[in-house]
Amino acid sequence: MAGNRRAARVGSAVSGSSAAIAFLVAIVTNYVTAQPPKWAENTVLVWSVFGVLAVVSLGLFFWERRLATGAPDGSRPPVPLGRIAVGGHSMNPPAVQAPVRGRKAELERIGALVRGPGGGMAVVCGAGGLGKTTLAAEAAAQARAQGQVVVWIRWRDDPERLGQDLAQAAHILGLPESRLEEARTGRVSLVDAVWEHLATVTGWLIVVDNVDTPARVGPGSGPPAAYRGWLRPHGGGVLLVTTRDTTRQTWGPDADLLHLQPLADEAAGTVLLDAAPHAGTAAEAEALAVRLGGLPLAVNAAGTHLSVPTSRHRTFTAYQHALEAEFADLLGAEHPAAATDPAARRVVRHTWDLSLDQLHSDGYTLARPVLQLLALLEPAPVPRTLITPELVADATGLAATAATVDAALAGLHQYGLLHTLEADGSEPGSVAVGRLQLHPLVREVTTHTLTRPEPANTWLAALDEHLTRRGGRGHDRPGRVAHRTPPRPPPPSPPRPQHTPQLQQHTQHPGLSRRHPPSRWGSV
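Each chain has its residues counted from 1, following the order in which its sequence is written. For a predicted model such as this one, the threshold for reporting local features is a pLDDT of at least 70, and the threshold for listing and counting side-chain atom pairs is 80 or more; totals across whole chains, interfaces and linings nevertheless cover every residue. Side-chain figures throughout are based on the complete set of non-hydrogen atoms in the structure, without hydrogens or water.

A.B. asks: Could you give an account of the environment of Trp459, naming the residues involved and the relevant values?
C.D. replies: In this text, helices come from DSSP runs of H or I with a minimum length of four residues, and strands from runs of E with a minimum of two, each type numbered from the N-terminal end. Within the secondary structure, Trp459 is located in helix 20 (residues 456-472). Accessibility here uses a 1.4 Å probe with only protein chains present; expressed as a share of the type maximum, an area under 20% marks a residue as buried, one over 50% as exposed, and anything in between as partly exposed. The class for Trp459 is buried, based on a relative accessible area of 6%. Residues Trp459 and Leu373, spaced 86 residues apart in sequence, show a C-alpha to C-alpha distance of 7.1 Å. Two residues qualify as a contact provided that any one of their heavy atoms is within 4.5 Å of a heavy atom in the partner residue. Residues within four places of Trp459 in sequence aside, it is in contact with Pro369, Gln372, Leu373, Leu376, Ala395, Thr396 and Leu450.

Structural data, given as structure tokens:
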């Protein structure tokens with residue numbers, strides 16, 4: 001392809017030069033001798049030669065232009081590659097501002113993949129605020145220190161931009177210009193050209209950060225798990241993806257999923273001490289970390305607040321006490337730049353709104369109301385069968401079916417906002433009933449998104465009615481619409497154990513409980 005273009009350019013230049021030289025020779029000869037040469041007396045021959053040279057020159061010129069701008073019929077359309085040459089943004093990883101605590105196991109897994117001979121794809125996944133980007137940046141820094149070529153790409157919800165960035169990354173790793181030119185003219189698929197080259201090169205780490213809408217990655221409409229798009233596990237190096245989508249169905253069997261959890265107490269306390277070493281003891285820092293549920297985003301927000309000399313609360317204990325009365329100001333406040341994605345990701349109050357907005361746009365219209373409904377319950381285990389279409393419809397006033405409630409819960413789980421525990425099916429032949437959990441801060445922040453006093457009071461009344469009804473009869477089959485099991489004698493109604501879901505006792509905020517379980521994931 002490139003050879004044809006070079007031949008066209010050479011031929012065009014030669015023919016044009018020949019015509020110009022012949023014309024100049026004729027003029028000079030006539031000027032010097034005052035007599036034209038004998039061959040020039042044959043005007044038919046002269047004009048025929050000049051005509052042939054002109055036609056050949058024009059033909060070669062237009063052939064070269066066609067190669068540069070078009071593709072033959074039946075081939076792929078040209079691919080715009082203009083941005084590859086200019087690149088308006090840095091592809092270096094962000095600097096890690098503080099030591100990364102509590103992620104040693106995850107960093108070792110990524111490091112082993114980077115150092116290994118086979119390459120692959122690692123997916124760091126979990127709810128917003130768990131520090132996925134920070135972990136990826138630390139892994140990138142470690143890989144670069146070991147001599148790996150590191151490229152950082154931020155997903156901007158633009159498949160074409162992602163393609164340009166990955167093509168640039170492949171070019172950095174030696175993809176020749178001739179191959180890019182073939183892709184530009186549609187002779188080959190750009191995505192295949194990029195990954196065919198990346199499969200032959202080792203010693204690299206490419207990070208694609210914040211891929212929270214993987215269905216849009218492209219090219220085309222195929223799922224990422226098909227491994228035909230821009231994200232593939234088949235390179236000679238490692239592709240590291242960060243995302244809120246935690247499902248194996250999305251990322252396929254060959255991806256190494258690293259599902260992040262909140263930080264352990266000691267690690268979270270150390271993060272606070274790193275940020276504010278004079279704010280108290282290690283025990284006091286750990287106590288505050290427990291109150292914050294080990295969520296890195298909240299822990300870092302508290303550390304930043306405590307490190308500012310003008311802050312009202314300068315110790316771990318004072319900040320922990322202030323959370324009881326000033327939670328909305330410290331962690332639940334609106335942020336003026338929350339409409340923009342990067343700003344929302346850095347604010348506890350807004351980070352989960354990004355996932356809820358995405359679920360809503362994907363058709364999970366009940367995801368946000370169901371999460372808010374769950375947030376009104378005490379932090380104790382809730383059987384999945386309690387969250388019925390009738391309960392959702394009565395509380396929220398929205399149309400609900402078994403299918404839409406199932407989809408809402410599945411979507412919340414997919415984006416890490418809802419955790420599940422399997423019940424202990426210890427009795428022979430029993431069927432384990434799943435239980436639902438929220439992180440304590442997810443629950444606490446979510447209650448602040450409700451408009452007060454409505455709909456909280458209406459929702460609480462519906463919850464109270466359904467819980468009372470559930471305790472009084474056993475023949476209804478929760479989770480189904482108008483479906484009953486065969487009649488049977490109802491079991492006796494025992495007193496509610498301490499772990500049974502109860503409505504929250506109102507304090508300053510309706511629907512907000514001040515009790516927190518010892519678990520990192522507070523059971524709903």
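A.B. asks: Please set out unusual backbone geometry residue by residue, giving values where relevant.
C.D. replies: That bond from Gly218 to Pro219 is cis: its omega, -5°, falls within 30 degrees of zero. Within the secondary structure, Pro219 sits in the loop between strand 3 (204-209) and strand 4 (238-243). Here the phi dihedral of Asn210 falls at roughly 65°; this positive angle occurs in a residue that is not glycine.

A.B. asks: Before we move on, could you go through the environment of Thr468 and cite the residues and values that matter?
C.D. replies: Mapped onto the secondary structure, Thr468 falls in helix 20. Reaching out from Thr468, the side chain makes a polar contact with the backbone oxygen of Asp464 at a distance of 2.8 Å. Counting of polar contacts relies on pairs of N or O atoms within 3.5 Å, with two restrictions inside protein: one atom must be capable of donating a hydrogen and the other of accepting it, and residues adjacent in sequence are counted only when both atoms are side-chain atoms.

A.B. asks: Describe in detail the pairing of strand 4, supporting the description with residues and values.
C.D. replies: Among the six residues in strand 4, six count as buried, and that is most of the element. The two faces of strand 4 match: Val238, Leu240 and Thr242 on one face and Leu239, Val241 and Thr243 on the other face are all buried. For strand 1 (residues 120-125) and strand 4, the ladder comprises six bridges, and the chain directions are parallel. The residue bridging Met121 from the neighbouring strand is Leu239, located in strand 4. Judged from the four bridges that link them, strand 3 and strand 4 form a sheet pairing that is parallel. The residue bridging Val208 from the neighbouring strand is Val241, located in strand 4. A pair of strands is labelled paired if DSSP reports no fewer than 2 bridges between them.

A.B. asks: Explain the sheet that holds strand 5 (residues 255-259) to me, using residue names and the numbers behind them.
C.D. replies: If you trace the five strands from one edge of the open sheet to the other, you get 2-3-4-1-5, paired in parallel fashion. For this open sheet the edge positions go to strand 2 (149-154) and strand 5, each flanked by a neighbour on one side alone. When strand polarity is set aside, the average angle formed by the axes of neighbouring strands in this sheet is 15°. Docked against the sheet, helix 4 (residues 104-115) engages strand 1, strand 3, strand 4 and strand 5, running at close to 165° with respect to strand 5. Each axis is a line fitted through C-alpha atoms, taken for helices only over the stretch in contact, and angles between the N-to-C directions span 0 to 180 degrees. The strands touched by helix 5 (residues 132-145) are strand 1, strand 2, strand 3 and strand 4; relative to strand 2, the strand with the most contacts, the crossing angle is about 160°.

Read these as spatial facts, not as claims about activity.
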